[in-house]
Structure formats: structure tokens, C-alpha cells
Amino acid sequence: MAATLVGGSLLSAFLQVAFDRLASPQVLDFFRARKLDQKLLRKLKWKLRSIDALADDADLQQFKNQRVKAWLADVKDALFEAEDLLDEIYEFSIHEVEAESQRTDNKVWNLNFPISSVSFFKNESEIETRMSQVLDDLDELANEGSRLGLKEASGVRVGIGVGSGSDSKVSQKSSSTSLLSESDDIYGRDDDKDIIFNWLTPDTDYGDKLLILSIVGMGGLGKTTLAQHVYHEPRLEGRFDIKAWVCVLDDFDVFKVTRTILEAITKSTDDSRNLEMVQGRLKEIMTGKRFFLVLDDVWNESLSKWEQVQKALDSGAHGSRILVTTRSKKVALSMRSEEHHLKELQEDYCWQLFAKHAFQNDTRQPNTDCKEIGMKIIERCKGLPLALKTMGSLLHNKSSVSEWKNVLKSEVWELEDSDVIPALALSYDHLPSHLKRCFAYCALFPKGYEFDRECLIQLWMAENFLQCHQHTKSLEEIGEQYFNDLLSRSSFQQSNRYKTCFLMHDLLNDLAKYVCEDICFRLGVDKAKGIPKTTRHFTFATNHVEYFDGFGSIHDVERLHTFMPTDWSWHCKMSIDDLLCKFKFLRVLSFSNCSNLTKVPDSLVNLKHLRSLDLSNTHIEKLPESTCSLYNLQILKLNNCPLIKELPSNLHELTNLRRLEFIDTELTKMPEHLGKLKNLQVLMSSFDVGKNREFSIQQLGQLDHHGRLSIGELQNIENPSDALAVDLKNKSHLAGLKLKWNRDQDPDDSLKERDVNVIENLQPSKNLEKLSISHYDGTKFPTWLGDHSLLNVVSLSLFQCKYCQCLPSLGHLPFLKDLTISGVDGVKAIHADFYGSNSCSFTSLETLMFSRMKGWEKWDCQAARSAFPRLQHLSIDYCSKLKEHLPVPILCFKTLYIRHCKQLLGYDGLVKMNGNWLTLFQVHNMEAWFVEWVGKMISHPSLEDLKVYSFPNMNISMSRHYDFLVTLTIHDSCDSLTTFPINFFPSLRSLYLRSCCNLQMILQVHAHDHLQDLTICECPQFESLPEQMHILLPSLEFLSIRDCPKVESFSDGCLPSNIKRMYLTNSSKLIASLKGSFGDNPSLETLFIGKLDAQSFPDEGFLPLSLTSLRIYDCQHLKKLDFKGLCHLSSLKELFLVNCPSLQCLPDEGLPKSISYLTISGNCPLLKHRCQQPRGEDWRKIAHVENLSIL
């Protein structure tokens, strides 16, 4: 007896299409009208049913029997042949009816319709011949299936075709859960996460070394998920200058990987085709920056390739980190990285993860029997999180114990030699056939490919995967349900970067490829020697194939159904016209991002089966009128085509068109009669209202807009009633709307009144999520903005509405998260009306920005007491008259930005807070409320980094401890500060004190284990460093004392024991006191000496043997370098001589042979002359230096 296939076979979905065509009146009428042998149709139906009887068993056996897998590939090929033949008959019949209708109505034949496309068949006997061939193939395949031992299903579905049973129906049960948040979807990895976090933020600094850690483990263990949780860890905020996430492709191309890293950091596309140029740009960005880079899914085991990529990354600041995820220990070795091996989940965590997906929001305890069965299933998942999630999601839809038992007893668990994990194969096994085809189609995408939800649904639609027999839902709604069903089964996961994008786990991508590799081919990704002759869906990753030069060894190109790129810009080497002439049955065609497509070839019109055409991001100038004869076309995309100014006038003849996109394509004229297409969705980014009929705003009224829309030049509407014709109130699918005016001169009162009436008539749908109003010249905002008409708005922006006297009431908007108000000059005060009548207003607001409010003076504090419970980001900029107390609790903010508010802070004052750091600059407000405000900010436990600039009246209270502060900078501020007690800052790692005019001493009583960097600069009264620094500051590695002339010595003559870098400027007495201290120091590596009042330097034995870098600069009186003070420095590699005008020559004995970098720059005229190549008197002394710069 055949094994039970619960979900329905993949073949059933293919067969359903053929059965639907066989049952269509068009095909039946075609045969009757030509007196063709109708027995052929009946025989085809019988043969398809005989194949269907074996399909279930074959779907299971393919995972363990390669012969069955090959048989399935042959069957799919034959079914495609049948589908293509029946489609041709169907299309010809429809065309014939249309032609007859035009003749009957005495209409002129559409001359744009190509005659070649009418001639579907050479003659009628060709149809019977092709049909007979398909029957012979299916007959042989049915016999071969029996020979392979495939068993007929116990209950063969009857009816018109396989689709008449329950399997063909779309499940009416809605997705039981939305996309799981990452924070809820990780179990048993707390220890792993802590280990990686501690590696990223160590207590001690590792110096200049770039550190790499590889998370190593088999596929499905959750390496990427763990890395994502670490990447988004809130405690990392502010610790790195640059953070970037890069998904690395299987083929580790040095140029591609480097460019991908650059693009991830800049968040923009880089068109460079030169490795040196890309590395140069990346190095420039990285230099001196502390970065955290995640390289996900690395397979490269070549040391030399990695070293080439790493070149540009080595320029980052010390403390930079790279986190890698990989399945291979060899990858970690090639990158010379540390390793963290991820293990399988422990049993308790396995159950938690499984139960989360199996029972989801059900608060009841699971059935005892189900739990017992579930534990056994968990055992078989072998601790793999992906398998546990997939099985849990599968069983969520199965409520009976018997169904759980069937899953447990499935023979799929016995797979041993298959490339597919049994739990994933079992999950696929339980998919309904219509979902199997949609899932398998994703084999077209490379691993890590991020696809947009809507775009994938549109592809399914164009391939005719979406079946709706009851016609109660639109195709788009059916596609949405298919997608949600697969999402709920964990077939997809949300992108880490983009909210609307998704991707498949690598192992699920492998599974899709396994079941569909015969019909889906990815050029440049799949490793096959040639492209299989059975290929129907064809993509090419442009990161592998930038110059597309044809198909190589592909056979029967005309049989392709899909042709599209899956990445960035590409160039088609072969003639695009020749390429299109090769196709015959194409359903999906994309030339998106084709750099050399400037004209749409006439041969496009021959693609009579075409349903989706994407010409986005090309330089075509127009779409030919003949495009309007592609009567099957459902989707037309012309996004970002800057040279297109108008569309074909007969576009409304595309009666099947459901989606028209021309986002960022500035049309000067809209085609008429598009309103006749009742199913058409239009996505356009902007429309500018003109002064004549061709550009009137009424043109927008007939369109069903989706996505976002910007309507500009609204000042051109002369009759406000014209705005009603746009019917924005009923455009329920419009998510974003911008309303823009653009007058050259100030309006009179009549124009202001007209604008008020116009905007009242532009009331959007209640479903609107984002709204922007800019340069509106009315004297009041529309009533619909302040009432309950827009309760779903999430983002609202009001720009340059300078004649409005008061703000609308907005506090009642329950979902408003982002509010920007700029240039509303007439507003003098924000009163209670702004908040509305609710007891708590702005309940969801997270970001509030005010800018360039010229008249704003007061913000009512009393009315705001119960407002803004979730506010995280506040910005106030260029509000020069605002001077009252701010009514918001600042300590809950993540970011705060106040600048150019003269009355509030003083001229050019700045308060900037971001997460755990705070900057105060040129603040002069010392009112009691503001002093208290600042005091609370600097004492808050979340603050780690404080910078104070040009704030002389600032006072940091020394009566309390600042336990969490890690970095402190005081520059030209805190005039009252005379003593700085380090003990009050126990976590401080970096202290920078500059131009503190009254600072006299740094006090330290107890050992401080954290301070690493100490800088004291331009403090004229400073005279005393802490005593016993070598004992009390054991972690100090960097010390800089510049222009502090009263400092004459270390109190006990001893340097800190671990000091590595020291900068001493204008400290001649201090330097003189160090004689004997330097020479004994074993750790000092870098020394900068500046403004030294001496004629000779260094004295013999003054410098330590450990020194590797020495810089002498701005020494006006220095005449001689003493060889006796240099000759013993065997580790010295770098010597910099800068602005030493009296320095006459290098030592007669030369320089230490260890020096490999020598720079002579600035004002050193005598020395530069003597070091000229080749005749300079000192040239022989430096000729051996490997890296020499005389600037």
C-alpha cells in the first residue's frame, strides 16, 4: 500500500492547471469548431488521472530514490508540454472570438496586433500531432511509474481534476500568528550570547588588533539568529562608530564581498568595477572608526582571498570586531579567528521552542498524549532549532492525537542518505499541493536573497499558481493567504534589514531546489555543467553575471516561463531583440536594472502568454503602442525610468492588467480611460497638478492607488471642487500621501482661503498611515486632520505651513509614532488644544521633532503632564524664541537634540543625547529648571559617555558617585572645577580635560582598575598628577599632558606600570624629571615629544628599549639628535620629525637599523635639504629606510 501523503503532491498543482484548461469552454469549442478528434481530450484527461494516482507516492519516494526523482522531473516536463499546448489553444480561441467581435461591430482591426502572433499553428494537424506526442509521453511515464513500484493512492481524487477535492481549496483558516519577533524566538542561547557580548565589550583593551570570532555549527543550529540577537543588543548602542550586517555568498569573490561590505556600511549602491577603488573607499570610511561587522554564512576557506578583503578593514580603530557565522571550521582557520562552537539545544529548550510554534497563543496546557508524542518528535529533531520551529508550525494546524501520531510514524524520518533534513522533508510533505508549488518556485532565488512579499505574490500570480474557483476573493488576497500560510509554517523569515522583505533559510532553500531543480535554474549560482533542457524558470544573479551573454548550452529556450535577474545592474551583451525572439511561452519577463536597455524591441509583442513585464531602472524613452496587444499582461512595472514621459494611449485595452507601477517615473501625461480597468492597482510616487486639462487633478480620480502618492503644485487648482474628484477619501489602499504647494510669491487672502477649501476636499482614506503637508498657504489646518478621520496615521509631517496660527489637535491619534512640525511660523504657543480631550494623549508617539518655528515662544507644561508616555526621541532646532520650561520627562529618552534655540540655551548652544552618551556645547542657560534638568541627565545610570564643551558655568557635583560613566570630556567648561577626584568615577576608562582654567590637581586615593586613557591639555593652573600612579592607576595605557607648564614632575618619579603611549607637549621640566624613569619602563611603545626647550635630544639612556614609535615635533630650538640616546633602541620602527626648523642634520652614525618608517615634514628646511636624493649629505644615512616620506 502506498505511503500516505497528507498534504497533496506537487504534481497535483501542475495537473490542476491542465485539468482547468481541459474543462474550459475555449478549448472544447476549439476542437468542436474544427472537427478535431475530441477523443484526444478525453485520453489526455485519463492519462493525467493515471499520473495523478501515482503522484502522492512519488512525492514521498523522491527523497530516498533518485530514479523516482528523475521520473518526477520527466513527468513535470511532459505536463509543461501539455500546459503550453492547451494554453496556445486557449489563447487562440480567445483571440478568434475577439476578432469576430470586431468584425461584427464593423470595427477597424487593431493594426498594432502582430500577425505572427495570430498564427499559433502551422495547420490543424499540428495540434493533433502534438497532442498525440504528449499522450505517448504520459503513457510511457505511467508505465514507468508502475515499473518503479509506485503505488496508486488509496483514494484517487475524482471529478474534473485533482483540484476539485479539498486540497485545491485555499484554507479558510487565517494565519494563527503574525511574524514572530526575534526577541521571542531564541531559546537556550543565553550563555552563547553572553560569551559573544563579552568578547565584543571586554574589560581590557587588546590594542590595535582587529579581532574576529567565528560562530561555527551545522546548518539549522541558529547561528544567524544568534548573531542577529547580538547585533541588535541594546547594550551595544554607542560602543561602535559603524555597524553593518553582510550576507556573504557561496562564491567568495574578493571584489564582490568588499563592495557588499561597502554598500552595507554606506547603505547605498556602489557602481565601482575596480577592486582598488572599492578598497580605497572602504578604507577611507573605516580609518580611525571602531566598527562591528557581521559576515553571515561564510564558506570561503582561502586564506589569500580573506587577506585581500581584510586589507581595507585593518584601518579601523582598536576595539573593532568582526563576527562570522559559518558551518566550516576551516573557514574560521582561514580567517585566523577565534571560534565559538554552537551546540544542539538541550531538551528543555527544545520543548520550549517546539511548544511556542505548536501551541502559539494557546494558554491551555497541551493534551498529555500530544505532549508525549511531541517529546518523541523533538528527539528526532536532534536539537536543531530550524527543525523544531518547522515541526512545531506544522503541528499547530493539527489538533487531533491521530494526526500527531501520523507525523511521528512517517517513514520520512527514516531518511539516511538524503541531502534533506527529515524534519524539513516531513514539513514539505504536509504542505497542500498549491503551497508546494509556491514554495518550490522560491528555488529561483539564491541563498540569502531578500524578496518583497508583494513581488513574490505577483510572480505566483503571473505563473498562474493562484487558484480561486469560488471568486469570492481577489487573486491578490489569495496570494496573501498563500504567503501567510507558508509564513506560519516557518517557510519564510523576515529580513534583518527591511520590514517588507523576507528570505528563506539556507536549508529550506536547499529543499526547494531539491524538489524543483529540474525546472528552476539559477545561472551563476547552480553548479550544473549545462542548463537542463527541462528548465522552465530561469534567473541569473548579476553579482555573478554582470554581462549577460546568452544561454550557453541551454536547450529549447522557447519553453522558458520565467526570465529575470535577481540582483543589481547588469548588461546584456547579446542583442535584446534576438533574445526576445527566442522566447515563446514566457509568463514572466524582467529587464529590471539592465544598463543597456534603451528601447523596447518590437519583438516583445510576440510574447502572447506574457503576464508580468518589469522594465524598471532602465533608460527606455517610451513604451510602444503595440504593448497594448499583450492581452494577458497582468503586471507592468516602469519604476525609476527617468526618460519615460508618457504611457501608450491605449493602455486601457490591457483588460487583464491588475498592477501598474511607475514609482519615481515622472510622467507628464496620464493615459486616459484607465478607470475602465476595474481590477487595476496603480502605484505612482508623484503627480504634479498642471494648469490645463491634461494635467488636471481629476485624472487621479479614476485610479485605484496603492502604496504612496505625492500630489504637487496644488496651487494650480483654481476650483476647490476639482479636488473632490480625486476621491482620496475612498482610496483605501493608499498608505502614504504627500500634499505639496509651491508658490513663487506670498499669496493674498483670497488665495489663502482657496487653499483652505482645497485641502478640505483632499481628505484621505481612514486607512492612511503616513501623511505629509508642505508649503500649504492656508490660515488653518483642515478639520479632518484634527477630528477622528485619520485614526490609523503612524507618521505625520507638517512643513512650512507658515500662515497657520495654531496646531491641529493630534493627541487623540492612537497609532501616531512620528510627528514632525517645521516652519509653522504663525504658532506662538502650544496649548491644551494640541493634546485633545483624552486623559492621556499621544499614547504611541515615539519621535517628536520641531524645527524653524520662528514665532514659537511657549510650550504649555500643565497640559502636557499626562502626554507622551512612550516618547523616545525629541528634537528642537532653530526655535529661537522658545524659552519656557520643556514639559517632557527627559530621562526616558533614547535621543535628545536641542540646538539653535537662543532663548533656551544661548547662541549656538547644543544639547545632544543618544542612548548612553550626552554632549553639551556652548550652553548659557543657568535657570534653576535647566540646571536641575542637566543634573538629572548627567547622573542617570544609563549615561556612559559625557562631553561638555564651552560651558563655563557647568557644575558637575562632586558630592556623589558617577558609577556608570565610562568616558568623560570637559573642554573649556566647568570653571569652578579645581580638583578632579577620580574616585567618584569608578568605571571611568577615558578622561579628557582641556582648557579647564582653574583645574589644579587630579586626586586619587584608592586603586582605580579601569582608567586607560588620561589627557590633560591647556590647563594653565594644573600642577599635580595623582600620587603613586604606578600603583593606583594600574590599567593606564595612554597619558597625554600638553601645555600644562606648571606640571614639573610625577609625584614619586614613577610612570604608570602599563603605560604604552605617552604624549608630552610644552612640558620641558616634566620631561627632564623623567630621566631614569623612562629607561626602566618595559611597556612604553609610542612617545610624542613636542615644544621641547632643548638643543639636543634624547640623552643617553633616556628612552626605553620597548619604544617602537617616536615623534618629535614643534621643537624650535632643537639642533641635534643624540645618537647615544637612539642607538640602543632596537625595537624602534617609526620616527617622525615635524616642524623642527633648527634641526641641522641627522647623527653622523646614522639612525637605528630597525627603523622602517621615517617621515620628515613641516618646517624642517635644513634637514630636508641634507636628506635630498641622491646628493644630500645625509641621504646615505636614510637610503636603507623602507618607507620614507619627506613632505
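Residues numbered from 1 in each chain as written. Predicted model: local features only at pLDDT ≥ 70, side-chain atom pairs only at ≥ 80, totals over all residues. Heavy atoms only, no water.

As recorded by an unreviewed UniProt entry, the chain carries the name Disease resistance RPP13-like protein 1 and is attributed to Sphenostylis stenocarpa.

### Description of the overall build of the chain
What counts here: In this text, helices come from DSSP runs of H or I with a minimum length of four residues, and strands from runs of E with a minimum of two, each type numbered from the N-terminal end. Summary of the burial criterion: residues with accessible area below 20% of their type's maximum are buried, those above 50% are exposed, and those between are partly exposed, where the area comes from a 1.4 Å probe applied to protein chains only. The contact rule is simple, with two residues in contact once any of their heavy atoms fall within 4.5 Å. Surface accessibility follows the Shrake-Rupley procedure with a 1.4 Å probe radius. Residue values consider only the protein chains on display as shielding.
Regarding its fold elements, the chain presents 32 helices and 46 strands. The buried share of the chain, taken over its 1191 residues, is 55%. Across the chain, the fraction of contacts at a sequence separation of at least 24, relative to all contacts at a separation of at least 6, is 62%. Of the roughly 51,500 Å² of accessible surface on the chain, 47% is carried by carbon and sulfur atoms.

### Side note on the nonpolar core
Using the following cut-off: Buried Ala, Val, Leu, Ile, Met, Phe, Trp, Tyr and Cys residues form a nonpolar core when they are joined through side-chain atoms within 4.5 Å.
In this structure, Leu-589, Phe-591 and Trp-859 are the most contacted members of the largest nonpolar core, which totals 199 residues. The greatest single-element share of this core, amounting to six residues, is contributed by helix H27 (residues 928-938). When sequence neighbours within four positions are dropped, the list of residues in contact with Phe-591 reads Phe-563, Trp-570, Ile-576, Leu-579, Leu-580, Leu-597, Asp-614, Leu-615, Ser-616 and Thr-618. With 87 residues, the next largest nonpolar core counts Ala-55, Trp-71, Val-75 and Leu-511 among its residues.

### What about the environment of Leu-435?
By secondary structure assignment, the location of Leu-435 is in helix H18 (residues 433-441). Between the alpha carbons of Leu-435 and Leu-466 there is a distance of 9.5 Å; along the sequence they are 31 residues apart. Setting aside anything within four residues of it in sequence, one finds Leu-435 in contact with Tyr-482, Asp-485, Leu-486 and Arg-489.

### Considerations on the side chain of Gln-62
Mapped onto the secondary structure, Gln-62 falls in the loop between helix H3 (39-61) and helix H4 (66-104). Setting aside residues up to four positions removed in sequence, Gln-62 forms contacts with Val-68, Lys-69, Leu-72, Tyr-428, Tyr-514 and Val-515.

### Considering the pairing of strand E39 (residues 1061-1065)
The line we're drawing: Only strands joined by at least two bridges in the DSSP assignment are considered to pair.
Direction of pairing for strand E38 (residues 1038-1042) relative to E39: parallel, over a ladder of five bridges. In the strand pairing of E39, Phe-1038 is matched with Arg-1061. Taken together, the five bridges between E39 and strand E40 (residues 1086-1090) define a ladder with parallel strand orientation. Each bridged residue has a counterpart across the sheet, and for Tyr-1063 the counterpart in E40 is Phe-1088.

### Some words on the pattern of salt bridges
Rules: Salt bridges are defined as contacts in which a side-chain nitrogen from Lys or Arg sits within 4 Å of a carboxyl oxygen from Asp or Glu.
For the structure shown, the criterion picks out 38 salt bridges. Put simply, Arg-587 and Glu-83 hold a salt bridge, and the shortest N to O gap is 3.8 Å. One end of the pair, Arg-587, is in the loop between helix H22 (576-582) and strand E14 (588-590); the other, Glu-83, is in helix H4, with 504 residues separating them in the sequence. The buried category is assigned to Arg-587, whose relative accessible area is 0%. Look at Glu-83 and you get buried, because its relative accessible area is 5%. Where Arg-147 meets Glu-140, a salt bridge forms, and the shortest distance between an N and an O atom there is 2.9 Å. For Arg-147, a relative accessible area of 55% puts it in the exposed group.

### Considering unusual backbone geometry
The step from Phe-1097 to Pro-1098 runs through a cis peptide bond, and the omega angle for that step is -5 degrees. The linkage connecting Gln-1173 with the following residue, Pro-1174, adopts the cis geometry, with an omega of 0 degrees. Checked against the element boundaries, Pro-1174 lands in the loop between helix H31 (1165-1170) and helix H32 (1179-1182). Despite not being glycine, Glu-713 shows a phi value in the positive range, around 55 degrees. Structurally, the position occupied by Glu-713 is in the loop between strand E20 (707-712) and helix H23 (721-724). Here Glu-713 falls in the partly exposed class, since its relative accessible area comes to 23%.

### Some thoughts on the packing of H18 against helix H20 (residues 475-488)
The line we're drawing: To define axes, lines are fitted to C-alpha atoms, for helices over the stretch in contact only, and angles between the resulting N-to-C directions are given on a 0 to 180 degree scale. An angle below 35 degrees is treated as roughly parallel, one above 145 as roughly antiparallel, one from 65 to 115 as roughly perpendicular, and anything else as oblique.
Where H18 meets H20, the closest approach of the two axes is 10 Å, and the angle between their N-to-C directions is 80 degrees. Compared by their axis directions, H18 and H20 come out roughly perpendicular. Residue-level contacts link His-434, Leu-435, Cys-438 and Phe-439 of H18 to Tyr-482, Asp-485 and Leu-486 of H20.

### Quick look at the side chain of Ser-973
Checked against the element boundaries, Ser-973 lands in the loop between strand E33 (967-971) and strand E34 (979-981). For Ser-973, a relative accessible area of 0% gives the class buried. Leaving out residues up to four positions away in the same chain, Ser-973 has contacts with Val-948, Tyr-949, Ser-950, Phe-951, Pro-952, Ser-995 and Cys-996.

### Concerning helix H21 (residues 506-516)
Spacing of three or four residues puts side chains on the same side of an α-helix, whose turn is 3.6 residues. Counted residue by residue, H21 has ten buried out of eleven residues, so it is predominantly covered. Along H21, the residues classified as buried are Asp-506, Leu-507, Leu-508, Asn-509, Leu-511, Ala-512, Lys-513, Tyr-514, Val-515 and Cys-516.

### Concerning the sheet that holds strand E8 (residues 501-503)
With antiparallel pairing, the three strands of this open sheet are ordered in space as E6-E8-E7. In the strand order of this sheet, the two ends are held by strand E6 (451-452) and strand E7 (493-494), each with one partner. As defined by bridge partners, E7 adjoins E8 across two bridges and the pair is classed as antiparallel. Bridge pairing links Gln-494 to Phe-502 in E8.

### Examining the packing of aromatic side chains
Put simply, the rule reads: Aromatic pairing here means that ring centres of Phe, Tyr or Trp (its six-membered ring) are within 6.5 Å. Orientation follows from the plane angle: under 30 degrees is stacked, over 60 is edge-to-face, and everything else is tilted. Think of it as a cone above the ring: NZ of Lys or CZ of Arg counts as a charge over the ring if it is within 6 Å of the ring centre and within 35 degrees of the ring normal.
By the definition in use, this model includes 40 aromatic pairs. Here Tyr-441 and Phe-465 contribute two aromatic rings whose centre-to-centre distance is 5.3 Å and whose plane-to-plane angle is 85 degrees, an arrangement assigned as edge-to-face. Of this pair, Tyr-441 sits in helix H18 while Phe-465 sits in the loop between helix H19 (453-462) and H20, and the two are 24 residues apart along the sequence. For the pair Tyr-441 and Phe-465, one class covers both residues: buried. The interplanar angle of 40 degrees and the centroid separation of 4.6 Å between the aromatic rings of Phe-850 and Trp-856 together place this pair among those described as tilted. As far as burial versus exposure is concerned, Phe-850 and Trp-856 are alike and both buried. Three or more aromatic residues joined by ring pairs make a cluster, and in this case those are Phe-445, Tyr-449, Phe-451, Trp-460, Phe-483, Phe-492 and Phe-502. Taking NZ or CZ as reference, Arg-321 lies 5.7 Å from the ring centre of Trp-199, over its face. Across from the ring centre of Tyr-803, 4.0 Å away, lies the NZ or CZ of Lys-752, which sits over that ring.

### Some details on the pairing of E20
Both strand E19 (residues 686-688) and E20 contribute to a ladder of three bridges, which runs parallel. For Phe-687, the partnering residue across the bridge sits in E20 and is Ile-711. With five bridges connecting them, E20 and strand E21 (residues 734-740) associate as parallel partners. Bridging across to E21, Leu-709 finds its partner in Leu-737.

### Topic: empty space enclosed by the protein
We apply this condition: Only protein atoms enter the calculation, which uses a 1 Å grid: trapped sets of points that fit a 1.4 Å probe without letting it out are cavities, open sets showing protein on both sides within 12 Å along at least five of seven lines are pockets, and any residue with an atom within 4 Å of a point is a lining residue. Grid points are joined across faces, edges and corners, and a volume is the space filled by probe spheres set on the points. Classification used: nonpolar for Ala, Val, Leu, Ile, Met, Phe, Trp, Tyr, Cys and Pro, charged for Asp, Glu, Lys and Arg, polar for all others including Gly.
Counted by the stated rule, this structure contains ten cavities of 30 Å³ or more. When its volume is computed, the second largest cavity comes out at roughly 50 Å³. Put simply, the parts of the chain that give the lining of the second largest cavity at least two residues each are helix H17 (422-429) and H21. Among the elements that take part in the lining of the second largest cavity, H17 stands out by supplying three residues, more than any other. Among the residues making up the lining of the second largest cavity, the classes are represented as six nonpolar, three polar and one charged.

### Observations concerning H27
The line we're drawing: To obtain the arc, one takes the directions from the helix axis to the C-beta atoms.
Those residues of H27 that fall on the buried side of the exposure criterion are Trp-929, Phe-930, Trp-933, Val-934, Met-937 and Ile-938. What you see down the axis of H27 is that its buried residues fit within an arc of 165 degrees, all on one side.

### Looking at a positive patch on the surface
The criterion, for reference: Like charges are joined within 9 Å and nonpolar side chains (Val, Leu, Ile, Met, Phe, Trp, Tyr) within 5 Å, but only among residues with over 30% relative accessible area and no salt bridge; these make up the patches. Only four residue types enter the charge count, namely Lys and Arg as positive and Asp and Glu as negative; His and the chain termini do not. Each charge is placed at NZ for Lys, CZ for Arg, CG for Asp and CD for Glu.
A cluster of basic residues, Lys-499, Lys-770, Lys-817 and Arg-870, forms a positive patch on the protein surface. When its relative accessible area of 37% is taken as the criterion, Lys-817 is described as partly exposed.

### What to know about the environment of Lys-405
With respect to the secondary-structure elements, Lys-405 resides in helix H16 (residues 401-409). Since its relative accessible area comes to 41%, Lys-405 is described here as partly exposed. Sequence spacing of Lys-405 and Asp-369 is 36 residues, and the spatial spacing of their C-alpha atoms is 9.4 Å.

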